[in-house]
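Spelled out, the chains give:
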Amino acid sequence: MTLTLYLHPLASFCHKVLIALYENETAFDSRIVNFADPDSAAALLDKWPVGKIPILHDEATGLTVPETSIIIEYLQAHYPGPVRLLPDDPDALLQVRLWDRFYDLYVSVPMQKIVTDRIRPADAHDPHGVTEARGMLDQAYKMIEADMQGRLWATGDDFTMADCAALPGLFFASIVHPFIAEQQALSSYLERLLQRASVKRVLAEAQPYFSMFPYREAMSARYLEAATS
């Protein structure tokens, strides 16, 4: 297999790239990274010393491609499929890149702050940082609610890289910091994402690892159903 994706099935940023791969049925091998295993960690660090997942290695070119958005752009350029996740129109492309960054930075990052704080030792919690993260999610939710009025996907009628970014952030964020009842456009958007075949596949693969998620007790039956349907 030409492509190898270094990942963990529970990692939200890995989900973003997996959705892109599954949308286009792109063939690849997956290699689960276990940072507690020195050999597994070393295999990743040898290719990307920053030590962040996912990374994509292309055996055909010898290239290692880090960073989720760059990976998806690389896949479209070198392994295109029927679903174009980045549009050709320059203005539309800017909107996709904008909302891709929005979901990564203002939904996924604060969500991860809340999650990682839960698993820290008792004397290492950061309540101020968690409060800031929840405030950022509140602001992000308001912006998404306003922007999604009458819109099917993150930037319009077409499923794009921005939607690949939106699903993992919103899926986990809605568990650790639930939407309010008035945020119907936001809730409906997440429901549409959960019905996507690529998303169902990603969540089904993550389901055996949900026991590792520190907020699992807050996962509703709806989300567990999405991961098993």
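The structure displayed is predicted, hence computed values, not measured ones.

Caption draft 1: Region of the structure containing the sheet that holds strand 4 (residues 63–66). Within the open sheet, the four strands sit side by side as 2-1-3-4. Their pairing is mixed. If you trace the sheet from one side to the other, it starts and ends with strand 2 (29–32) and strand 4, each paired once. Neighbour to neighbour, the strand axes of the sheet diverge by 20° on average, direction disregarded. By the bridge criterion, four bridges tie strand 1 (residues 3–7) to strand 2 in an arrangement that is parallel. Counted as the bridge partner of Thr 4 is Asp 29 from strand 2.

Caption draft 2: The pairing of strand 1, seen in detail. Counting buried residues in strand 1 gives five out of five residues, a clear majority hidden from the surface. On strand 1, burial covers both faces: Leu 3, Leu 5 and Leu 7 on one face and Thr 4 and Tyr 6 on the other are all buried. Relative to strand 3 (residues 55–58), strand 1 is paired through four bridges, and the arrangement is antiparallel. Counterpart to Thr 4 in the pairing with strand 3 is His 57. In terms of handedness, the path from strand 1 via helix 1 (residues 12–23) over to strand 2 forms a crossover that is right-handed.

Caption draft 3: Broad picture of the environment of Arg 201. Among the structural elements, Arg 201 can be located in helix 8 (residues 197–206). A sequence separation of 186 residues divides Arg 201 from His 15, and the C-alpha atoms of the two residues are 10.0 Å apart.

Caption draft 4: Summary view of a nonpolar patch on the surface. Judged by side-chain polarity, Leu 105, Tyr 106, Val 109 and Met 136 come together as a nonpolar surface patch covering roughly 310 Å² of accessible area. Mapped onto the secondary structure, Tyr 106 falls in helix 4 (residues 90–118).

Calculation criteria
Residues numbered from 1 in each chain as written. Predicted model: local features only at pLDDT ≥ 70, side-chain atom pairs only at ≥ 80, totals over all residues. Heavy atoms only, no water. Pairing = 2+ DSSP bridges. Helix = DSSP H or I, 4+ residues; strand = E, 2+ residues; numbered from the N terminus. Axes fitted to C-alpha atoms, helices over the stretch in contact; angles between N-to-C directions. Buried < 20%, exposed > 50% of the residue type's maximum accessible area, 1.4 Å probe, protein only. Right-handed = clockwise from strand over helix to strand, strands pointing away. Patch = residues over 30% accessible without salt bridge, like charges linked within 9 Å, V, L, I, M, F, W, Y side chains within 5 Å. Areas by Shrake-Rupley, 256 points an atom, 1.4 Å probe, with all protein chains shown as cover. Salt bridge = Lys/Arg side-chain N within 4 Å of Asp/Glu carboxyl O.

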